[in-house]
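# Fold and contact review
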Amino acid sequence: MNLFERLFARNRLYADLNEEMQQHLDERIEELVKQGMPRERAAATARREFGNLTAIEERGREAWKLPIFDSFVADVRYALRHLRQQPSFSIVAILILALGIGANTTVFSVIRTLLFEPLPFRAPGRLVWIINQDTPGLSGRTHRVDNYEAFAKLQSFEEMTTYEAFFARSSYKLAGDTKAERVAGVMIAPNFLPFLGVKPAMGRSFTDAESKPGAPGVVILSHALWQSRYSSDPNIVGRQLTVNDRGVTIVGVMPASFDFGSVFAPGLQLDLFMPTPFAVIRNWGNTVAIIGRLKPGVSLAAAQAEANAMIEVRQREHREFGPPRSYGAILQPMHDSVTAGMRQPMLLLWAAVGVVLLIVCVNLSNLLLARAAVRRKEMALRRALGANGGRLARQMLTETFVLAVLGGALGVALSYAATSSVRRFEALSIPLLKSVQIDLTSLAVAAGVTLLTALLFGFLPAISAARGDLGEAMKDSARGSSQGRSHLTVRAALVVSEVAFACLLLVGAGLLLRSFLHVLDVKLGFDAGGTYTLRLDAPQEGTNSDEKIREYQAQLRRFLSNLREVPGIDAASITDAVPLESNRTWGLRAKDDRSDAFVPALVKVIGPGLLHTMKTPLISGREFSDFDDDTHPRVAIINQSLATRLFPNADPLHKLLRIVGRDWEVIGVAADVRHLSVEESAGGEFYLSLFQMGTGSPTLVVRTHRGFDEVAPALRKAIAQDMPGLPTDSFRALNQTLDRALSPRRFLVNLLIAFAMAALLLAAIGIYGVIAYSVARRTPEFGIRMALGATGSRIRGSVVAGTLRLAVIGVVIGIAAAVPLSALLTSMLFGVSAKDTATFTAAGAILLLVALAAGFIPAFRASRISPMTALRAE
């Protein structure tokens, strides 16, 4: 019989026993009444004959009693009564616990989703990303279409799929039904969704025929676009619309659970999915990203060996785009690739929130010890009346358990709110963030943390209650009692540990904050302020004849000329690669380089005046002009890093470069631009003229010294004149792109600062509590000292000195521990040493100032003690 069955049976027995006894009593009363006895006397006589009914009932209860359960229930009721009697203490304790447990539950949910949960795809443990070369830029990491076709024949893989990796450079004009708008989209292989195990919520996936030349245009909508633009129309499948001036048919809608951007492009919302036209992109170079699923039982090493053998063959067969190393295969588990760079920051957050929880436990231990000191006589008296130490300790632990459960429940509620907010952060380029949720595992962890917390902060108060002695309790009010000194020593030790833990967090947060400030001070090579970008319409399909290309380029020239005349627009130009947003690399070399070694470098196809528009300094030479077209010699601009590498001992101007099989003359040297990331130094970069490279996927860049809202109406009107139908509601500030690039570091720094501030506040509360308790115990001493002539300032100095003594000990311990631990942050620091003296000094100074502020109020109260009042208390 389990516990619940036993409880039910016990309650039924109680009811049956009471009913039967009452029935026998009523029958005896009626029998005495029939014999002529008055009813009141008959009732009294019957009760005397039956004896004490309550005692009989209690003896019946004893047979079915569950002592431990009943005792626990009684302790819980007693604890709740005590918490209601002290609402201020209860509210403060529950709020502190809720913050600690809620923060731990939230951070655990984020970390579990990012680092420990499998990707939300079919057989995720066997998914492998096949990277070309581990070099900067997508061109180095992606492959040609023929590479994809060759990899698909490898025997180690069960299946393989791909997608066009440069989707961040492209956007699509969606029209044909409602107002035209610019949306982000990606081209995927027909088997991409089945490969991942994703089924459209409505409609179907793509077919192989739909990726071949001449196939009708089809798209699949994201769930978000279906809701926002089409109001969740259940009849959307089969509707016609226009994408980039081409008619297409909607064949499906993605499920709400599938977020392409959160895995493949954190921080981006993808709205359209289209089949990859392999015949079209075959000659685009390294364009596609490849994902494979290993066969069951095949190791990554075995697959890597097979891929290496295949690459050796391709290196011998294909050399037209540079050296053999332009073909490679580095196999990486897909989960590791997706979460690369996030493991150490997330584990750091987990450690930080764990330290906060320890500080919470220490603080609550201090509060409960102070409360236990008040209840010392109560506990000692209960022991004198027969309660043993174990029973009293269990009572105290039950009270802390009740407190922890209440705090844990509130903490889980706060965690639900926090994770919901995290999922809505659109600007955070952190993978899988939208998948974070509080599930059964998170709730189980929250329950475990709650129980552990109850044990940690309830242990010392329980020991204190178990050791209570009536004699010592009665003497406890005497000045200088040993028990009081012992009690104060324990609380002081707890405060020292709080300060040490807080010091650890302050040092870590300080180092990362200083790193973040250094990142903000980095010279980017461009000025994001007042700069806005807008994706332009790419040329229509079929615009590949020289005449059509020249017509489009002439349109762009007129377009830029008119925009520069708009009041408030300081400069305007075009690029196919916005910094921190899109990138690709090509191989090039100096023409007279006899080694025939190609150097990988970022390539940007730009219009005239882009460097001026972006405020990228031109070190020497000139920018492109409208005359740098296909009727004039091919020219290029290189950045300073590439100039130093290609021409270390010569002036690069007018030197010739070999790019894509042609000669290009260097006409300018530009300053380095941090194109890949803010924290990564610029490598080689070169610029080619848009009017010599065809059309590409242009992005308009404009600069204004006014607020954008002031110039937007005139700007949109000018755009509508030259490019009617172009959506102009999607202008994006370059500062937004910069913010998204900085978002992971900002996210980490903000959380660590929040945790450090929480630790600082808790340490201040702990210091205040101990000093206030010490002052209360020393009231008679202060009174006597003041009666003998001590001044208020001297009393304050004595109390403040005691406060600083505790803080200094804690700071010394904290800094000593922070010195080796801060070395773990080295890989996350930028422009600052892990042993930065200024940061360590600032952390110690802040803690000492907080300690001084926390101890000042008790010190001030001590200096205001009246000698007569103190002596009366004695």
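Being a predicted model, the structure only gives us computed values, none of them experimental. (Residues numbered from 1 in each chain as written. Predicted model: local features only at pLDDT ≥ 70, side-chain atom pairs only at ≥ 80, totals over all residues. Heavy atoms only, no water.)

A word on the overall build of the protein chain. Along its length, the protein chain carries 28 helices and 23 strands. A burial count over the protein chain gives 50% of its 874 residues as buried. In the protein chain, of all internal contacts separated by at least 6 residues, the share reaching a separation of at least 24 is 82%. Carbon and sulfur atoms make up 58% of the accessible area of the protein chain, which amounts to about 39,800 Å² in all. (Helix = DSSP H or I, 4+ residues; strand = E, 2+ residues; numbered from the N terminus. Buried < 20%, exposed > 50% of the residue type's maximum accessible area, 1.4 Å probe, protein only. Contact = heavy atoms within 4.5 Å. Areas by Shrake-Rupley, 256 points an atom, 1.4 Å probe, with all protein chains shown as cover.)

Another point: the packing of aromatic side chains. Taken as a whole and assessed by the stated rule, the structure comprises 18 aromatic pairs. Between tyrosine 163 and phenylalanine 192, the aromatic rings sit 5.9 Å apart at their centres with planes inclined by 75°, giving edge-to-face as the arrangement. Of this pair, tyrosine 163 sits in strand β2 (residues 157-164) while phenylalanine 192 is found in helix α8 (residues 192-196), placing the two residues 29 residues apart along the sequence. Given a relative accessible area of 4%, tyrosine 163 falls into the buried group. Taking the centre distance of 5.9 Å and the plane angle of 75° together, the rings of phenylalanine 260 and phenylalanine 273 count as edge-to-face. (Phe/Tyr/Trp six-rings, centres within 6.5 Å; stacked < 30°, edge-to-face > 60°.)

On to the pairing of strand β18 (residues 635-639). The buried fraction of β18 amounts to five of the five residues, a majority that puts the element mostly inside the structure. Residue alternation in β18 divides its side chains into two sets, Val635, Ile637 and Asn639 and Ala636 and Ile638, and both sets are buried. Of the strand pairs in this sheet, β18 and strand β20 (residues 662-670) are connected by five bridges, and their pairing is parallel. Among the inter-strand pairings, alanine 636 is bridged to a residue of β20, identified as valine 666. Bridging between β18 and strand β21 (residues 685-689) involves three bridges; their strand directions are antiparallel. (Pairing = 2+ DSSP bridges.)

Let us now look at empty space enclosed by the protein. Taken as a whole and assessed by the stated rule, the structure comprises three cavities of 30 Å³ or more. Taken as a whole, the largest cavity holds about 120 Å³ of empty space. Lining the largest cavity are 16 residues, and of these Asp259, Ser262, Gly267, Leu428 and Lys434 sit closest to its centre. Taken together, the elements giving at least two residues each to the lining of the largest cavity come down to α10 (260-264) and α16 (389-423). (1 Å grid on protein atoms, 1.4 Å probe; cavity = no way out; pocket = protein on both sides within 12 Å on 5 of 7 lines; lining within 4 Å. Points joined across faces, edges and corners; volume = space filled by probe spheres on them.)

What follows deals with the environment of glycine 510. Within the secondary structure, glycine 510 sits in helix α19 (residues 482-520). Along the sequence, glycine 510 and isoleucine 753 sit 243 residues apart, while their C-alpha atoms lie 7.9 Å from each other.

The next subject is the pattern of salt bridges. The final tally for this structure, using the stated rule, is 25 salt bridges. Of the charged contacts, one joins lysine 173 and aspartate 245 as a salt bridge, the two residues approaching to 3.2 Å between their closest N and O atoms. Separated by 72 residues along the polypeptide, lysine 173 in strand β3 (residues 172-175) and aspartate 245 in the loop between β8 (240-243) and β9 (246-253) bring together distant segments of the chain. What makes lysine 173 buried here is its relative accessible area of 7%. Glutamate 181 is the partner of arginine 229 in a salt bridge, and the nearest nitrogen-oxygen pair spans 2.6 Å. Taken together, the residues span a long stretch of sequence, with arginine 229 in helix α9 (residues 223-230) and glutamate 181 in strand β4 (residues 181-183) at a distance of 48 residues. What makes arginine 229 buried here is its relative accessible area of 11%. It is possible to trace a salt-bridge network through shared partners that takes in Arg112, Glu117 and Asp439. (Salt bridge = Lys/Arg side-chain N within 4 Å of Asp/Glu carboxyl O.)

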